[in-house]
Amino acid sequence: MVHKPDIVSTTGVGVVRTAPDAAVLRLSVEVREPGLAQAYAGASAAARRVVDSIVEHGVARPDLSTGGLSVRSETVWRETSGQQVVAYVASSELTVTVRELGRAPELLDAVVRSAGDSLRLHGLSFEVGDRSGLQAAAQEAAFDDARAAAERLARMAGRTLGPVLRIDAAAFSPPGTPVPLARAALASSVEPMPIEAGETTVSASVSVVWRLSPAPRREHEGNGHSA
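Residues numbered from 1 in each chain as written. Predicted model: local features only at pLDDT ≥ 70, side-chain atom pairs only at ≥ 80, totals over all residues. Heavy atoms only, no water.

Participant: Looking at this structure, I do not really get the sheet that holds strand E1 (residues 7–18). What am I missing?
Facilitator: Reading across from one edge, E1-E7-E6 is the order of the three strands in this open sheet, with antiparallel pairing throughout. The open sheet terminates on both sides in strands that have one partner only, identified here as E1 and strand E6 (161–169). The average undirected angle you get between the axes of adjacent strands in this sheet is 30°. Relative to strand E7 (residues 200–212), E1 is paired through 12 bridges, and the arrangement is antiparallel. (Pairing = 2+ DSSP bridges. Helix = DSSP H or I, 4+ residues; strand = E, 2+ residues; numbered from the N terminus. Axes fitted to C-alpha atoms, helices over the stretch in contact; angles between N-to-C directions.)

Following this line, the structure appears as C-alpha cells:
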C-alpha cells in the first residue's frame, strides 16, 4: 500500500493600504431636442466644451477616452395619430483620468460649468498608478498569514512543517471603491465640490499545502520486546 504523506492546507489573506494617486471620472453629456440633427449637434457641442475645459485644466488627451455617441427617439401614443416621435436625445460618454488629485475638485467644477444641465456624472473612483509593488506586498503578507496558520495547526498536532507541496494564488482584488456622485445640476456650486480620496486597498489570497514532519514514534513502537 502506498503511503501518502501527511499534509496541512491553509489559506492566507494579505491587505495593503495606500493613498491613491489618480482619480477616474465617468461622465456624459445628454441633449434633448425636437429634431435629430439638433440633438446630435447639441451633444457634439457640449462634449467639445467639456473636453476643451478638461484639457485647459491640465489633463493630457491620452487620459481622455470617449465611450461613444448614441441617439434615441422619445415617443408618445396619441389616439388620433398613434405612436409619434416628440423628441430626440443624443448623448456622448467620456472617461477622464486625473493624475493630480489636488486638481480634481477644480476640474470637476469646471466640467459642470462648461456643460451645464446637459452634463451627467456617473461616478468617481480612485486608483493607484503602479500596482505591481502593492500586489507583491499583499501576496507576501497572504503567504505569511497562511504559514502562520499552518505552523499553529502543526504545533497543535505535535508536528512541524515540511516543504511546500502546492501554492494557489487567487486573483488580486482591484483597488479603489467607486464614490457615487449626484447629477450635475446638484453638483454645480460657487465653490468647487470637496473630494476626499481617503485610502485604497489591494488584497491577495494564497492557499498553500505543506508536508508535515513524520509523527513522533511512541516509546513502545519498534522496541522489539514482547511480553
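Participant: Help me understand the nonpolar core, please; the structure alone is not making it clear to me.
Facilitator: Nonpolar side chains in soluble globular proteins tend to be buried together. One finds Leu27, Val50, Ile54, Leu94, Val96 and Leu119 to be the most contacted residues of the largest nonpolar core, which totals 23 residues. Every element with two or more residues in this core is listed here: strand E2 (22–33), helix H1 (36–56), strand E4 (82–98), helix H2 (104–115) and strand E5 (119–127). At six residues, the largest contribution of residues to this core is made by H2. Beyond its immediate stretch of four places on either side in the chain, Leu94 contacts Leu25, Arg26, Leu27, Val50, Val51, Ile54, Leu64, Ser65, Thr66 and Gly67. (Core = buried A, V, L, I, M, F, W, Y, C linked by side-chain atoms within 4.5 Å. Buried < 20%, exposed > 50% of the residue type's maximum accessible area, 1.4 Å probe, protein only. Contact = heavy atoms within 4.5 Å.)

Participant: I would appreciate a short explanation of H2 in the present structure.
Facilitator: Structural remark: α-helix, 3.6 residues per turn; residues separated by three or four positions point the same way. An ideal rise of 1.5 Å per residue puts 16 Å on 12 residues; H2 measures up with 17 Å between its terminal C-alpha atoms. Most of H2 is tucked away, with 10 of its 12 residues classed as buried. Among the residues of H2, those classed as buried are Ala104, Pro105, Leu107, Leu108, Asp109, Ala110, Val111, Val112, Ser114 and Ala115. A positive backbone phi angle near 60° is found at Gly116, which sits one or two residues after H2. (Expected span 1.5 Å × (residues − 1).)

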